[in-house]
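# Descriptive structure summary
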Amino acid sequence: MAVAPPQGTGPLQKREARLAWGLLFPTLFSVALVVVLPLLSIFWISVKPVGLADLRPTAPIVRKDLRGKTGDQRIEYRLRNSSQDAPISSVVLSDTLPAGVELGALPEPCKLNGRKLRCDFGDIAGGFRTRVKLPVVAIDEAAANAIEKTAPVVTGSADNILTNLRFTTENFARVFNGSEFWSVLGVTLFYSVFGTVGALVMGLFAAMLLNKSFRGQGILRGLYLFPYVAPVIAVAFTWIALFDPFSGSANALLVQMGVSAGPINFFGDRPLALIMVTVFEIWRYFPLSFLFILARMQSIDTDMYEAADMDGASPFQKFRYLSLPQLLGILSVLFLLRFIWTFNKFDDIFLLTGGNAGTRTLTVNVYEQAFAISNIGAGAAVAVVVFFCLLLFSVFFFKVLSREEGL
Amino acid sequence: MRLLRYGYVTAPVLGALWSFVAAVTVALTMSFVTGDGFRPSAAGVLVLGAVTGALALLRFSGAALVLAALGLEALGHWAGLGALRTSGQVSAAEAGVMLVLLALAVAVPIRVILRDCPAGALSRHEFEEAVIRFLTGFGYVFFTAIVIIPFYVMVMTSLKSQQALLQNPLDFSIELSRGWGLLRSYRELFVDFGFGGYLVTSFVVSVLTVLITLLFSIPGAYAVARLRFRGRAVIGRSILLIYMVPMIVLALPIYIAFSMTGLRNSVTGLIMIYPVTTIPVALFMLQGYFRGLPAEVEEAGLMDGLSRLAVIWKITLPLSLPALASVSLYVFMIAWNEFLLAFMLLDDPSKFTLTRGIASLNSSEIPRQHLMAGAVIATVPIMALFLGLERFMTKGLTAGSVKG
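Residues numbered from 1 in each chain as written. Chains lettered and ligands numbered in written order. Predicted model: local features only at pLDDT ≥ 70, side-chain atom pairs only at ≥ 80, totals over all residues. Heavy atoms only, no water.

## A word on the overall build of chain A
Counting secondary structure elements, chain A contains 14 helices and eight strands. Here the C-alpha radius of gyration of chain A, 34 Å, is well above what a compact globule of 407 residues would show, namely 22 Å. Each of the three principal axes of chain A carries a C-alpha extent, and together these read 115 × 95 × 45 Å. Counting all 407 residues of chain A, 50% fall into the buried class. When the accessible surface of chain A is split by element, carbon and sulfur atoms take 61% of a total near 19800 Å². Measuring between centres, the 35 positive side-chain charges of chain A sit 3 Å from its 30 negative side-chain charges. (Helix = DSSP H or I, 4+ residues; strand = E, 2+ residues; numbered from the N terminus. Rg over C-alpha atoms; globule rule 2.2 N^0.38 Å. Buried < 20%, exposed > 50% of the residue type's maximum accessible area, 1.4 Å probe, protein only. Areas by Shrake-Rupley, 256 points an atom, 1.4 Å probe, with all protein chains shown as cover. Lys, Arg positive; Asp, Glu negative; His and termini not counted. Charge placed at Lys NZ, Arg CZ, Asp CG, Glu CD.)

## Quick look at the overall build of chain B
Tallying secondary structure elements over chain B gives 18 helices and two strands in all. Since a compact globule built from 404 residues should have a radius of gyration of about 22 Å, the 29 Å found for chain B marks it as more spread out than a globular shape. Seen through its C-alpha atoms, chain B measures out along the principal axes to roughly 85 × 60 × 35 Å. Going through the 404 residues of chain B one by one, you find that 52% of them count as buried. The long-range share in chain B, meaning contacts at least 24 apart out of those at least 6 apart in sequence, stands at 77%. Within the structure as shown, chain B displays about 17100 Å² of accessible surface, and the carbon and sulfur contribution to it stands at 69%. On chain B, the mean spot of the 28 positive side-chain charges and the mean spot of the 20 negative ones are 7 Å from each other. (Contact = heavy atoms within 4.5 Å.)

## Description of unusual backbone geometry
Residues and elements named next belong to chain A. In the Ramachandran plot, Ser-90 falls in the positive-phi region, its phi being about 40° despite a non-glycine side chain. Tracing the chain through its elements places Ser-90 in strand S3 (residues 88-96). Overall, Ser-90 belongs to the partly exposed group, its relative accessible area being 42%. Phi is positive for Ser-374, which is not a glycine, with a value near 60°. For Ser-374, a relative accessible area of 32% puts it in the partly exposed group.

## Some points on the domain arrangement of chain B
Frequently, the measure chosen for interface size is the accessible area that the parts lose on association. All names here are of chain B. Domain boundaries in chain B define domain 1 (7-167) and domain 2 (190-398). A C-alpha centroid distance of 45 Å is found between domain 1 and domain 2. Between domain 1 and domain 2, the contact holds nine residues from the first and nine residues from the second. Of the roughly 650 Å² buried between domain 1 and domain 2 on both sides combined, carbon and sulfur atoms contribute 75%. Sorting the residues of domain 1 by area buried against domain 2 places Met-154, Ser-158 and Gln-162 first, and these three jointly supply 61% of that buried surface. The tally of links from domain 1 across to domain 2 stands at zero salt bridges. Seen at the junction of domain 1 and domain 2, the total is zero residue pairs in polar contact (both at pLDDT 80 or more). Elements represented by at least two residues in the side of domain 1 that touches domain 2 include exactly helix H5 (124-159) and helix H6 (162-167). Broken down by element, the side of domain 1 that touches domain 2 gets its largest block of residues, five residues, from H5. Its residues assigned to classes, the side of domain 1 that touches domain 2 comprises four nonpolar, four polar and one charged. (Domains from an automatic or database assignment. Buried area = accessible area lost by both parts, 1.4 Å probe. Salt bridge = Lys/Arg side-chain N within 4 Å of Asp/Glu carboxyl O. Polar contact = N/O pair within 3.5 Å; in protein donor to acceptor, adjacent residues only side chain to side chain. Nonpolar A, V, L, I, M, F, W, Y, C, P; charged D, E, K, R; others polar.)

## With respect to the domain arrangement of chain A
For chain A, the domain assignment lists domain 1 (58-158) and domain 2 (170-403). For domain 1 of chain A and domain 2 of chain A, the distance between their C-alpha centres works out to 62 Å.

## A word on the environment of Ala-59 of chain A
Take Ala-59 of chain A: it is sitting in the loop between helix H1 (11-46) and strand S1 (60-67). In this structure Ala-59 of chain A touches Arg-80, Asn-81, Ser-82 and Ile-88 of chain A, once residues within four positions along its chain are discounted.

## Regarding the packing of helix H2 (residues 42-56) of chain B against helix H3 (residues 62-79) of chain B
All names here are of chain B. As a packed pair, H2 and H3 sit with axes 10 Å apart at the nearest point and diverge in direction by 155°. What the angle tells us is that H2 and H3 run roughly antiparallel. Judged by the sense of rotation from one axis to the other, the crossing of H2 with H3 is right-handed. Judged by residue contacts, Leu-48, Val-51, Thr-52, Leu-55 and Ala-56 of H2 engage Leu-65, Ala-68, Ala-69, Leu-72 and Glu-73 from H3. (Axes fitted to C-alpha atoms, helices over the stretch in contact; angles between N-to-C directions. Parallel < 35°, antiparallel > 145°, perpendicular 65-115°, else oblique. Left-handed = near helix turned anticlockwise from the far one by under 90°.)

## Comments concerning the packing of aromatic side chains
Here the distance between the centres and the angle between the planes together describe a pair of aromatic rings. Counted under the stated rule, the structure contains 47 aromatic pairs over all chains. Ring centres of Phe-280 of chain A and Trp-283 of chain A lie 6.0 Å apart, and the angle between their planes is 35°; this geometry places the pair in the tilted category. Taken together, the residues span about one helical turn, with Phe-280 of chain A and Trp-283 of chain A both in helix H9 (residues 270-298) at a distance of three residues. For Trp-283 of chain A, a relative accessible area of 4% corresponds to the buried category. These aromatic residues form a ring-pair network of at least three members: Phe-205, Tyr-224, Phe-286 and Phe-290 of chain A together with Trp-18, Phe-134, Phe-138, Phe-142 and Phe-143 of chain B. (Phe/Tyr/Trp six-rings, centres within 6.5 Å; stacked < 30°, edge-to-face > 60°.)

## A look at the side chain of Thr-359 of chain A
Residues and elements named next belong to chain A. Along the polypeptide, Thr-359 turns up in the loop between helix H12 (347-352) and helix H13 (362-372). Within polar-contact distance, the side chain of Thr-359 engages the side chain of Thr-353 at 2.6 Å. Not counting chain neighbours up to four residues away, the residues in contact with Thr-359 comprise Val-187, Ala-273, Leu-274, Val-277, Ile-349 and Thr-353.

## Topic: the sheet that holds strand S6 (residues 116-124) of chain A
Residues and elements named next belong to chain A. Ordered by their spatial adjacency, four strands build an open sheet running S5-S6-S3-S8, and the pairing between neighbours is antiparallel. With partners counted over all chains shown, the strands left at the sheet margins are strand S5 (110-113) and strand S8 (153-158), one partner each. Looking at each pair of strands side by side, their axes are set apart by 15° on average, direction ignored. Of the strand pairs in this sheet, S3 and S8 are connected by five bridges, and their pairing is antiparallel. Across the sheet, Val-92 pairs through a bridge with Thr-155, a residue of S8. (Pairing = 2+ DSSP bridges.)

## Structural notes on helix H5 (residues 217-224) of chain A
Along an α-helix, a turn takes 3.6 residues, which lines up residues three or four apart on a common side. Counting buried residues in H5 of chain A gives six out of eight residues, a clear majority hidden from the surface. Buried within H5 of chain A we find Gln-217, Leu-220, Arg-221, Gly-222, Leu-223 and Tyr-224 of chain A.

## A closer look at the confidence of the model for chain B
Residues and elements named next belong to chain B. Here chain B averages 86 in pLDDT, while 96% of its residues score no lower than 70. Per-element averaging of pLDDT across chain B places helix H18 (residues 390-398) at the bottom with 66 and helix H8 (residues 195-226) at the top with 94. pLDDT under 50 marks residues 400-404. Its contacts with residues more than four places away, or in other chains, come to 28 contacts. This prediction of the complex comes with two scores: 0.87 for pTM and 0.91 for ipTM. (pLDDT = per-residue confidence, 0-100.)

## Describing the sheet that holds S1 of chain A
The strands that make up a sheet pair up through hydrogen bonds in the backbone, lying either parallel or antiparallel. Residues and elements named next belong to chain A. Within the open sheet, the four strands sit side by side as S1-S2-S7-S4. Their pairing is antiparallel. The open sheet has two edge strands with one neighbour each: S1 and strand S4 (101-103). Averaged over neighbouring strand pairs, the angle between their axes works out to 30° when direction is ignored.

## Observations regarding the pairing of strand S2 (residues 74-81) of chain A
Residues and elements named next belong to chain A. The sheet contact formed by S1 and S2 spans eight bridges and is antiparallel. Considered in S2, the bridge of Arg-63 is made with Arg-78. Here S2 runs beside strand S7 (residues 129-139); their pairing, made up of seven bridges, is antiparallel. Bridge pairing in S7 links Tyr-77 to Val-132.

## Thoughts on the interface of chain B and chain A
Tallying the contact residues gives 105 residues for chain B and 103 residues for chain A. Both sides of the chain B and chain A interface together cover about 9100 Å² of buried area, and 79% of this is carbon and sulfur. The tally of links from chain B across to chain A stands at two salt bridges. If one sorts the elements of the side of chain B that touches chain A by residue count, H5 of chain B sits on top with 22 residues. Its residues assigned to classes, the side of chain B that touches chain A comprises 75 nonpolar, 16 polar and 14 charged.

Here it is in structure tokens:
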């Protein structure tokens with residue numbers, strides 16, 4: 001009698017799955033809130049005409065004063081629309097009068113109900129402002145002090161540009177308009193490709209230098225990681241100081257050594273600035289490639305090299321036919337990851353040149369559109385473009401990663 | 001190519017190449033230390049290196065080779081054809097130091113490079129060994145220089161005065177006569193610009209980020225590493241995907257949301273965002289480590305009646321202390337160095353983090369050395385932490401994060 005194995009998911013398995021989701025919940029929740037939600041909202045914003053000024057919502061604003069000399073006093077409410085062009089509907093001002101105040105004839109549109117004052121303004125247009133003067137007939141000392149203490153409440157509903165259903169394709173039209181987009185894309189690709197390849201080659205070189213044990217190897221390894229560990233803002237400003245056309249040591253050195261006749265504006269001239277930010281990128285991130293390549297090198301079996309020595313292979317041959325094929329996996333994974341990350345890089349270029357002198361990459365363009373030109377919608381549209389590029393790269397990445405699971 | 005592999009050709013060529021490296025290095029060092037002009041001259045460098053290389057083949061002792069190089073240089077210097085030309089104001093003592101340094105920098109490494117190089121025809125092995133030794137020497141000098149020079153400039157600029165900098169941008173000698181005045185920019189940053197407060201804010205934000213990140217990522221990583229459930233593979237993968245999302249894309253909606261809810265311009269807002277940017281990395285690193293732990297120990301704990309959570313607390317965590325240290329360090333570094341969000345979200349100088357504080361120093365009214373002093377203040381703590389725990393750091397970085 002063969003007993004059939006249990007089918008489906010048993011209670012233990014269910015419990016384990018429940019526990020797993022429970023443990024993952026905080027992470028998933030926070031990631032959904034801070035990563036997924038903003039990503040979705042970027043798509044929403046990219047098709048809306050939003051400027052930086054629209055972030056402060058349109059609302060009615062009121063100020064209250066007690067004015068005039070004793071005997072001829074009045075309570076004044078000054079009401080205005082915070083926006084110059086957006087209307088606000090059903091604006092109502094309400095306030096409570098302290099005891100001891102007697103008002104005279106009330107002007108339109110205010111009504112007094114007991115001690116409760118209510119002024120119904122209806123709909124007000126953009127740029128609307130008005131004064132409502134309530135004549136005071138009698139007032140005592142305590143009430144005069146109390147009047148300025150109680151704040152009036154004003155309500156009204158305005159159309160919020162972020163939540164209404166007005167859409168526009170103008171943001172994308174702006175982004176793709178003219179030759180600017182293609183030059184930005186070209187700069188981004190130049191920066192990403194050369195920055196990544198340069199950092200990999202330098203990292204490979206540095207890893208080969210340190211792939212032997214000698215005294216001081218640990219110190220040098222620590223030292224070579226400095227550019228990566230230091231805060232980007234500190235090293236970026238140091239580079240700016242070092243290459244400053246007037247007070248920079250690099251220019252002084254070059255002039256003194258007779259390499260250049262006069263000071264060079266490294267971060268301000270057109271093709272040079274792009275090369276400089278790429279060199280900075282290589283300088284800052286070669287430590288990372290170096291670390292990964294070194295870790296992989298140290299895990300390569302030494303037997304192979306002994307066998308190669310027996311066969312009379314020369315050092316260059318050993319590198320070309322043994323080390324390089326062994327390192328190809330980590331090199332390709334590093335290339336793709338670093339490429340994606342360089343493509344996404346914002347801080348470095350923003351700090352070095354601010355995107356001027358032909359160094360504006362896509363990510364810098366997001367900032368430039370959203371904050372320098374104050375057009376949040378256009379910034380979001382660029383962000384959407386960045387996101388789709390990223391999606392494309394990730395597909396490649398996962399194809400390669402599944403081949404090179406050994407990272 | 002065949003011609004190159006002949007001792008009397010290889011040695012002078014490598015010698016000339018090396019002496020070029022040495023001359024530039026000595027010129028840079030002398031310029032940075034004295035602030036005076038030193039300039040390598042191509043012809044002089046070529047002759048010096050080629051002759052030293054050829055002499056090295058004759059297998060003199062090291063001292064003899066250094067002396068020979070020194071003699072050659074002194075002769076050239078006296079005739080005005082030396083490898084390193086000096087400008088007018090260089091004193092005789094400085095020129096002497098330069099000559100000795102150059103002789104050492106040229107002769108000693110050339111002797112090492114050409115150690116096993118015979119005078120006649122070279123085998124492929126001997127030739128490549130010599131080239132590799134040259135490249136190795138060059139590599140050490142090159143990498144050390146490109147790493148040290150910026151940091152050296154950063155520290156030295158922060159100790160100078162504005163006039164001294166503009167007068168001679170090369171002069172990094174410390175005027176010891178100024179005494180405590182050397183640290184003037186640091187004192188002003190702490191007293192007038194409130195950098196003490198920024199330091200505290202940065203520290204608090206970074207430590208809280210580390211704690212929250214660990215709190216969230218440890219259970220998540222354990223679930224992905226150990227527990228079986230549908231969707232495990234998908235989650236493992238999408239975690240990697242999340243840390244490829246560019247920060248600037250997220251920063252824009254976060255800026256909008258924070259502006260509307262009033263969280264902008266508050267440290268609380270930063271502490272809410274920072275951990276989420278590091279949780280995926282931490283989770284990915286930790287799950288790799290958890291996977292490597294033997295499952296049997298945990299199963300034994302389960303058999304003895306511990307619940308899963310107790311197993312994590314009493315068995316898994318104590319076993320993974322090294323990994324926790326790496327992850328904490330790495331997360332601390334990310335939070336400490338973070339610039340973009342702090343720059344976008346903080347406007348009020350009383351709430352600045354260090355990186356935001358430095359960004360506010362970048363104006364034409366504030367002298368350059370203040371900016372550099374700020375950079376030093378931000379760099380020193382993270383460097384000290386990193387050097388002290390370098391082992392954890394390198395392990396942590398390679399454990400599965402390539403984020404930058």
